[in-house]
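Letter by letter, the chains look like this.
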Amino acid sequence: MDFQYIRVYRYEADPRVGAVQLNRPDKLNALSLPLMEELITALEAFDADPDIRCMVLHGNERAFAAGADIDEMAQADSVEMLLRDQFRKWERIAALKKPLIAAVSGYALGGGCELAMLCDMIIASDTAQFGQPEINIGVMPGAGGTQRLTRTLGKALAMELVLTGRFLSAQEAYRLGLVNRVVPAEIYLQEAFALASTIASKPPIAVRLAKEAVLKALSTPLEIGLEFERKNFYLLFSTADQKEGMQAFQQKRPPQWRGR
Ligand code: CO8
């Protein structure tokens, strides 16, 4: 499939890792409607491809993404935005079954920060900056920023970022638990691919059910989450990979995963 605003490829050193690069560098990867359409199509195709085990989403060194495309929204009225309902579609990224890692360098602002937070993990370059500056253009976050930032950073800090538009540096984002780690700009992509490759080497059904269970913790009370976790745990005992994993341990040899 031909894409205009993204580049889709497989990690050379490990083709089980699918990658998407946001590719509108002249607009700091502003997330236009057609770009998001392409992104969701590409990620869902990887999600459905049995040869892919993990995904990486990245931009370029200057910008992961500087937000939703302001030019597309500037003249819109509420009814138009409501009918467009473009941000509902973004939740399809949160619904992906396979792990998705954001590799962030430079700006991750507004919708760009929200997009990174929709991913399961974030590897940041030391140049990364995260923020929700919508307040400076007369609006507020609309693709999950007030909710996901608050769940991660807590009320006080999320409130400050959303109400002032202040950016978080990569180091601050790391200290606050927004990103998994910060590495030098020269290797941030390599680091994200290494993490993706490690996950790709694990038994895929266990990865899928474990991801589901971790995400459940964000949307359910503890008791329901624990019940959900237990059921996924029991479910894994009907996979060949559970038998293989435990036998390989007993026989002191590396396991051969079948994804069954
Ligand atoms: N949309 C459209 N174009 C953009 C965007 C954007 N979000 N960000 C940057 N660009 C464009 C610039 O217009 C410029 O284009 P051109 O060269 O044609 O003039 C090009 O990218 C380069 O940008 P700058 O010249 O501004 O680069 P600087 O290095 O001077 O500044 C900044 C970089 C600080 C990142 C600056 O570009 C900036 O402030 N960008 C906007 C950041 C922002 O406000 N993001 C939030 C957007 S709103 C949003 O994301 C809402 C999401 C959910 C909405 C829900 C609504 C219901």
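Thresholds applied
- Residue numbers here run from 1 along each chain, matching the order of that chain's written sequence.
- Confidence filtering applies because this is a predicted model: local features only for residues at pLDDT of at least 70, side-chain atom pairs given and counted only at 80 or more, and all residues used for totals across whole chains, interfaces and linings.
- To obtain the side-chain values, all non-hydrogen atoms of the structure were included, while hydrogens and water were left out.
- What makes two strands pair is DSSP finding at least two bridges between them.
- Here a helix means four or more residues in a row that DSSP labels H or I, a strand means two or more in a row labelled E, and each is numbered from the N terminus.
- Note on contacts: a residue pair qualifies if any of its non-hydrogen atoms lie within 4.5 Å across the two residues.
- Inter-axis angles, ranging from 0 to 180 degrees, are taken between N-to-C directions of lines fitted to C-alpha atoms, where helices are fitted over the stretch in contact.
- Buried residues are those whose accessible area, probed at 1.4 Å on protein chains only, stays under 20% of the maximum for their type, while exposed residues exceed 50% and partly exposed ones sit between those limits.
- Grouping into patches uses exposed residues only, defined as over 30% relative accessible area, and leaves out salt-bridged ones; the cut-off is 9 Å for like charges and 5 Å for nonpolar side chains (Val, Leu, Ile, Met, Phe, Trp, Tyr).
- Computed with a 1.4 Å probe, the accessible areas rest on the Shrake-Rupley method; for each residue, only the protein chains presented here act as cover.
- Think of a salt bridge as a Lys or Arg side-chain nitrogen and an Asp or Glu carboxyl oxygen that are within 4 Å of each other.
- Annotation comment: domain bounds sourced from an automatic or database domain assignment.
- Accessible area that two parts lose when put together, with a 1.4 Å probe and added across both, is what the buried area reports.
- Counting of polar contacts relies on pairs of N or O atoms within 3.5 Å, with two restrictions inside protein: one atom must be capable of donating a hydrogen and the other of accepting it, and residues adjacent in sequence are counted only when both atoms are side-chain atoms.
- Residue type decides the class: Asp, Glu, Lys and Arg count as charged, Ala, Val, Leu, Ile, Met, Phe, Trp, Tyr, Cys and Pro as nonpolar, and the leftover types, Gly among them, as polar.
- A cutoff of 4 Å decides nearness: a residue is near a molecule or strand if any of its heavy atoms lies inside that distance of it.

Enquirer: So what exactly am I meant to see when it comes to the sheet that holds strand 4 (residues 63-65) here?
Expert: Pairing is mixed across the open sheet formed by four strands, whose spatial order is 4-6-8-9. This sheet does not close on itself; its edge strands, each paired only once, are strand 4 and strand 9 (168-169). Bridge analysis of strand 6 (residues 107-109) against strand 8 (residues 129-131) gives three bridges, and the strand direction is parallel. Across the sheet, the residue bridging to Tyr107 is Gln129, located in strand 8. Most of the contacts of helix 5 (residues 111-118) go to strand 6, to which it runs at about 90°, and overall it touches strand 4, strand 6 and strand 8.

Enquirer: What's the story with the side chain of Lys211 in this structure? I'm lost.
Expert: Summarising the element assignment, Lys211 is placed in helix 10 (residues 204-219). Looking at Lys211, the relative accessible area reads 11%, which means it is buried. Discounting residues that sit within four places of it in the chain, Lys211 has contacts with Leu96, Lys97, Lys98, Pro99, Leu100 and Asp120.

Enquirer: Mind showing me how you'd approach a nonpolar patch on the surface here?
Expert: The grouping of Phe233, Tyr234, Phe237 and Met246 at the surface amounts to a nonpolar patch, some 440 Å² of accessible area in total. Along the chain, Phe237 turns up in the loop between helix 11 (222-235) and helix 12 (240-250). Given the relative accessible area of 35%, Phe237 is considered partly exposed.

Enquirer: Hey, could you run me through the pairing of strand 7 (residues 121-125) in this one?
Expert: Residues in a regular strand point their side chains to alternate faces of the sheet. Most of strand 7 is tucked away: five of the five residues are buried. Direction of pairing for strand 7 relative to strand 10 (residues 181-183): parallel, over a ladder of three bridges. The partner of Ser125 across the bridge, within strand 10, is Val183.

Enquirer: Sorry if this is basic, but what is going on with the domain arrangement of the protein chain here?
Expert: Size of an interface, as often reported, equals the accessible area lost when the parts are brought together. According to the domain assignment, the protein chain contains domain 1 (6-200) and domain 2 (204-251). Each side of the interface is counted separately: domain 1 has ten residues, and domain 2 has seven residues. Of the roughly 670 Å² buried where domain 1 meets domain 2, counting both sides, 54% is carbon and sulfur surface. Joining domain 1 to domain 2, the criterion identifies one salt bridge. Across the salt bridge formed by Asp120 and Lys211, the nearest N and O atoms sit 2.7 Å from each other. The tally of links from domain 1 across to domain 2 stands at four residue pairs in polar contact (both at pLDDT 80 or more). Of the residues that constitute the side of domain 1 that touches domain 2, the class distribution is five nonpolar, no polar and five charged.

Enquirer: I tried to follow the site of the ligand on my own but got confused; where do I start?
Expert: The ligand sits among 22 residues. The nearest are Lys27, Arg62, Ala68, Ile70 and Gly111. Residue Lys27 places a side-chain N or O atom 2.6 Å away from an oxygen atom belonging to the ligand. Within the backbone of Ala66, one N or O atom sits 3.0 Å away from a nitrogen atom of the ligand. Considered on its own, the ligand offers 1100 Å² of accessible surface; in the complex 65% of this is hidden by protein. The set of elements that each furnish at least two residues to the shell around the ligand consists of helix 2 (70-73), strand 6 and helix 5. Looking at side-chain class alone, the shell around the ligand contains twelve nonpolar, four polar and six charged residues.

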